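# An overview of the molecular structure
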Amino acid sequence: MFGLGLEPFELVAIWSVLAVAILGLLYAIFLRAQILREDKGDAKMQEIWNAIREGADAYLRRQLRSILPLILILTVALFASVFIVKPTPEASEWYCMALKGTTYKASLECAEHLSAGELQQVRWIIGIGRAVAFAMGAGFSLMVGQIGMRMAVQGNVRVTAASRRSFSDSVRIAYRAGTITGMLTDGLGLFGGTVIFVIFGVAAPDALLGFGFGGTLIALFMRVGGGIYTKAADVGADLVGKVEAGIPEDDPRNPAVVADLVGDNVGDCAGMAADIFESYEVTIVSSLILGVALTALTGHLEWIIYPLLVRGIGVLASIFGTYIVKGGPDEGGDAMKSIFSGFLFSAAISTVMFGLVAFFYMQDVNGGWWRPFLTTTVGVLLAILIDRLTDYFTGSHGAPVQEIKKSADTGPATLILSGTSVGFESSVWAIVVIAATIFASILTYGGVSADPVEQFIYVLYGVAMAGIGMLTLTGNNVAMDSFGPISDNAAGIGEMAWNELEDEETKKAQKIMADLDAVGNTTKAITKGIAIGSAVIAAVSLFGSFITDVGRVDPTALQYGIRVSMPKVFVGMLIGGAIPWLFSSFAIQAVSRAASLIIEEVRRQFKLGVLEGKVKPDYRQAVTISTEAAQKELVPLALIGVLSPIIVGLVLQVEALGGFLAGIILSGQLLAVYLNNAGGAWDNAKKMIEDEPQDPANNLGKGSERHKASVVGDTVGDPFKDTAGPALNPMIKVVNLVALIVAPIVVTYKDLGWGGWLAILVLLAGLVWAIMQSKKPVPETLAGSGD
C-alpha cells in the first residue's frame, strides 16, 4: 500500500479484513477441537475408519509426489515470464512509490521515466512476487484440500457413532466437520489476497495472477485425480456387488468397498475444497485487475478496496450462518431445511452489510454507491438461484428425478435417456441465469461513461463483483459439499460395522444415516452447480481482464474487439469449444478403464469364496488400481489446459486467443452443468428406489429389476458428476489464467522467428505426449496380482 495515500478508514478497513481472515482460521481451529472431542464409536467402527484414513492419506502423499516436479517447473516459468515483456504501468508505479517514495499521483509520471536498470529491478521484484505468490496459492490450495479431507475423515466415524444417539447430533457433527474446510477456504483465500495487496498495492494483479494460477492448478490436479479414483472404485463396487452379486452397498464382503469410501474423501472433500478455493482466489484476481483499471481512469481507490471489504463481510457472515445449523428434532428433523436456513441467514447478513459499506464508502465513485452494491447482491442471488435450480433438477422431491425413477420401470435404456434429457435441459436454464446476471451488470453500469472502452471496463467490474458476491458464502458452500461425503462415509462405516445387527437402535441409526446420505447427495450437486456457475462468472471476468491487459500492452491489438467473422478468430473459437470435450473424454475413459480392472479383481475374489466367508476380502488391490489410474492422468490432463492456450496464442495471435477463450467458456459451461446434473439426478433416482419396501417379486426396492436399472444409470452418471463435470471448472480457469499470463508475450512477439517456431514445436510435442499418455491404458498386471 506504499504511497497510495489511503484514508484512515481505508487503512483500518484493510487491516480489519486481514484480521477477519485470521478469525476465520481460528474459527476452523475451534470447530476442529469440538469435532475431535466427539465419540469415535466401537472398535469395529474404528478399524474400518482407520483403513479409510490410511488409504486417503497414502493417496494424497502419492499425488503430491506426482505433481511437485511440474509445480517447480511452472514456478520458474512464471518468474521468467516477466523478463520477456515490458513491466506493466502499475508495476512501475508501485516501484516509484515503494522504492522512490513518491505519492500515487506523482508515481504516474515517475513510471514513464524509469531507466533501463530500474525497469530491470521492477522485473526482478515482480518476478519474485509472482513466483512466490504462485507457490503460496498452490500451497494454500493443498492445505485446504488435504487438511479439509483429513478433518472430513475425522468427522465421518463420529457421525456414525452419533447416529446411535440422535439425528440432531449427527447433522451437527457432519456439518461442522465440513465447515472446517469451508473456513479454511475462506480464511486462507482472503488472507493470501489481502497480504499480496498490502505488499504490492496497485501492482497486486501482477502477483495475484501467480496466486490464482497456483490455486487453480492444484485444484485441477485434485479434481482430476480424486474424481478418477473415487469413480473407478464406485463403478466397480456397484456393478459387481449390487447388480451381479445382489449384495447391499458398502457390504464388507465387497473387495472394492474401502477404495470406494476412500474415494469419497479424496474426490469430494479434497477435490471440491481446492476447486472452490481457486474460484475464490480467481474472483479476487479479476476484481482487483479491473479495480486497478478503474482506479487509473477515475483516481478512486475505492474500486480496489471494496472487493476486499466484501470478502471480509462474507467470512463473518459464514461464521454466523454455519454455527446456527442444527439438525432439529429426532422425529421429523429436516437436515436440508436446516442447512439452507443457515445459508439464507448468512446471505441476509452479508447483503445488509454490503449495502452499508457501499453507502458509506462508495459515495464518491462514478455512477454512485448503489451500482457496486447491486452487482454484488446480484451475485448472492445468483448463488441462491443456482442452488434452487440444481435442487429442482437433482433433488428427490423434484419432477425430473421422479420422471427418471418412473422410467426405471422399462429398463436401464429408458432411464439413461430420461436422465440425459434432464441434464440437457438443466444446462440451458443454468446458462440463462448466468446470462441474466451478466446482463444485469450491463444494465446496472449502463451510461456511466460515454467512452465505450471505459464503459466496457465498468460492466466487467460489475461481472467480477457478481462473482465476488456469488462466492461470498464460500464457508457455507464448502460445508454443504463436505456434508455429502462425510454422511456417505458414515453410512458406509455403519453398514460395514453393523451388517450382522438387527436391533431397533441399529435400524434407527441406519435410517438416520440413509436420510443424511440422501441430503448430502443433493448438497453435493448444489455445490457443484455453484462451483460451475462461479467458474463461468470468474472466466468471463478474466476474459475482460485479458482484453484490458492486452490493450495496455498494445492499444491497437484489440481495437476492433474480438471479431468472430475473422477466420483466425473463428478457428480459435472452434478449438476452444472442443477442448472441454477432449478433456472430459479422457477423464471418463480413465474411469472406464480402471473400473474394468476393479470389476475383474472383485469377480476374481468372489470366485475364491469371499461371499461365502471362505477367505477375507483383500481391499488393497482395489485401492492400488484406483491410485495408479488417478496418478497416470494428473500431469497429462493438466498439460492440455496449460499448453493449448499458449499454442493457439502464438500460432493464431491474440485476437484468435480471445476467440479460443470464448469457445471454452461457453462449451465448458454447457457440458459441465449437463454432466453434473444428469449424474446427480440418476444417483437420487436410484436412492429413491432403494428406499422403497424391499419386494423384488413385485419389482420394488433393492434387488428388483428397477433397482438394477437404476444402478446402471447411477454408474453411468458417476464419472459424469464426480470426475469430468467438476474437473471442467478448474480446467476452464487454468486456460483463462494461462491466456492472461501469455497475452502480453503474444502481443509483444508477433513475429516469432525461428526460435518462436521451435518453441511451438516443443509445446506441440508436449501436447501430443499428454494426449498419448491419457490414451494409454492402466497396466493390466494390476488386476489379479493378488493371487
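Further up the page is the structure itself.
Our subject in this report is the structure included herewith. Bear in mind the structure is a predicted one, so any value in this text is a computation, not a measurement.

What follows concerns a nonpolar patch on the surface. Taken together, the side chains of Trp754, Leu758, Leu761, Val762 and Leu764 define a hydrophobic patch exposed on the protein surface, amounting to about 580 Å² of accessible area. Residue position: Trp754 is located in helix H21 (residues 753–775). Since its relative accessible area comes to 73%, Trp754 is described here as exposed.

We now examine the state of the cysteines. Tallying each qualifying case throughout the model produces one disulfide. The residue that forms a disulfide with Cys96 is Cys110, at a sulfur-sulfur distance of 2.1 Å. Taking the sign of the S-S torsion, -85 degrees for the link of Cys96 and Cys110, the bridge is left-handed. Here the residue Cys96 occupies a position in helix H3 (residues 89–99), and Cys110 occupies one in helix H4 (residues 104–111), the gap between them amounting to 14 residues.

We now examine the nonpolar core. One finds Phe213, Leu217, Phe221, Tyr306, Phe483 and Phe546 to be the most contacted residues of the largest nonpolar core, which totals 260 residues. With 21 residues, helix H8 (residues 257–298) is the single largest residue contributor to this core. Apart from the residues within four sequence positions on either side, Phe221 is in contact with Gln63, Ile67, Leu70, Ile71, Gly226, Leu634, Val635 and Ala638.

Once that is clear, we can look at unusual backbone geometry. Most peptide bonds take the trans form, and the phi angle of most residues other than glycine is negative. In this model, Gln653 sits at a positive phi of 80 degrees, which is unusual for a non-glycine residue. Position of Gln653 among the secondary structure elements: in the loop between helix H18 (619–652) and helix H19 (654–690). According to the relative accessible area criterion, Gln653 is buried, its value standing at 18%. At Asn699, a position not held by glycine, the phi torsion is positive, near 60 degrees. Taking relative accessible area as the criterion, Asn699 reaches 26% and is therefore assigned partly exposed.

This part is about the packing of helix H13 (residues 412–444) against helix H16 (residues 504–553). Direction vectors running N to C along H13 and H16 enclose 35 degrees, while the axes themselves pass 11 Å from each other. Judged by the sense of rotation from one axis to the other, the crossing of H13 with H16 is right-handed. Across the interface between the two elements, Ile434, Thr437 and Ile438 of H13 pack against Gly533, Val536, Ile537 and Val540 of H16. Looking at the contact of H13 with H16 residue by residue, the class counts come to five nonpolar, two polar and no charged.

Let us now look at helix H7 (residues 204–245). For H7, built from 42 residues, the straight-helix expectation of 62 Å at 1.5 Å per residue is met to within 8% by its first-to-last C-alpha distance of 59 Å. The largest bend in H7 amounts to roughly 25 degrees and is located at Asp238. Positive phi appears at Gly246, one or two residues downstream of H7, with a value of about 70 degrees.

This paragraph deals with the packing of aromatic side chains. Applying the stated criterion to the full structure yields 23 aromatic pairs. Ring geometry for Phe83 versus Trp124: centroids 5.3 Å apart, planes at 80 degrees, classification edge-to-face. Taken as a pair, Phe83 in the loop between helix H2 (43–81) and H3 and Trp124 in helix H5 (residues 116–162) lie far apart in primary sequence, 41 residues in all. Overall, Phe83 belongs to the partly exposed group, its relative accessible area being 28%. The class for Trp124 is partly exposed, based on a relative accessible area of 45%. Considering the side-chain rings of Trp303 and Tyr458, the 5.7 Å spacing of their centres and the 70 degrees angle between planes classify their relative orientation as edge-to-face. Of this pair, Trp303 sits in helix H9 (residues 302–323) while Tyr458 sits in helix H14 (residues 452–470), placing them 155 residues apart in sequence. As far as burial versus exposure is concerned, Trp303 and Tyr458 are alike and both buried. Above the face of the Trp49 ring, Arg53 is positioned so that its terminal group lies 5.2 Å from the ring centre. Of note, Arg176 hangs over the ring of Tyr323, and the distance from its end group to the ring centre comes to 4.0 Å.

Rules of the game
Within each chain, residue numbers correspond to sequence positions counted from 1 in written order. Local features in a predicted model are, by the rule used here, given only for residues with pLDDT of at least 70; side-chain atom pairs are given and counted only at 80 or more, and totals for whole chains, interfaces and linings are based on all residues. Computation of side-chain values covers all heavy atoms of the structure but excludes hydrogens and water. Exposure above 30% relative accessible area and no salt bridge define the residues that can form patches, which grow by joining like charges within 9 Å and nonpolar side chains of Val, Leu, Ile, Met, Phe, Trp and Tyr within 5 Å. Residue burial considers only the protein chains on display, and all accessible areas are found by Shrake-Rupley using a 1.4 Å probe. In the sections that follow, a salt bridge refers to a side-chain nitrogen of Lys or Arg positioned within 4 Å of a carboxyl oxygen of Asp or Glu. For the purposes of this entry, the term helix denotes a DSSP run of H or I that reaches at least four residues, the term strand denotes a run of E that reaches at least two, and both are numbered from the N terminus. Burial here depends on accessible area, computed with a 1.4 Å probe over protein chains only, as a share of the maximum for the residue type. Under 20% is buried, over 50% is exposed, and the range in between is partly exposed. By disulfide we mean two sulfur atoms from cysteines, separated by a distance within 2.5 Å. By nonpolar core we mean a set of buried residues, namely Ala, Val, Leu, Ile, Met, Phe, Trp, Tyr and Cys, connected to one another through side-chain atoms within 4.5 Å. What makes two residues a contact is simply this: any of their non-hydrogen atoms within 4.5 Å. To obtain each axis, a line is fitted to C-alpha atoms, and for helices this fit is confined to the stretch in contact; angles are then taken between N-to-C directions over 0 to 180 degrees. We call a crossing left-handed when the near helix sits turned anticlockwise from the far one by less than a right angle, and right-handed when that turn is clockwise. Put simply, Ala, Val, Leu, Ile, Met, Phe, Trp, Tyr, Cys and Pro go in the nonpolar bin, Asp, Glu, Lys and Arg in the charged bin, and everything else, Gly too, in the polar bin. By this rule, a helix spans an expected 1.5 Å times one less than how many residues it contains. Consider a residue and the seven residues that end there alongside the seven that start there; fitting an axis to each set, the bend is the angle between those axes. Centres within 6.5 Å make a pair out of two Phe, Tyr or Trp rings, where for Trp the six-membered ring is used; the pair is then stacked when the planes are under 30 degrees apart, edge-to-face when over 60, and tilted otherwise. Here, a charge over a ring means that NZ of Lys or CZ of Arg falls within 6 Å of the ring centre while also lying within 35 degrees of the ring normal.

So far we have only geometry, and geometry alone does not tell us how the molecule works.
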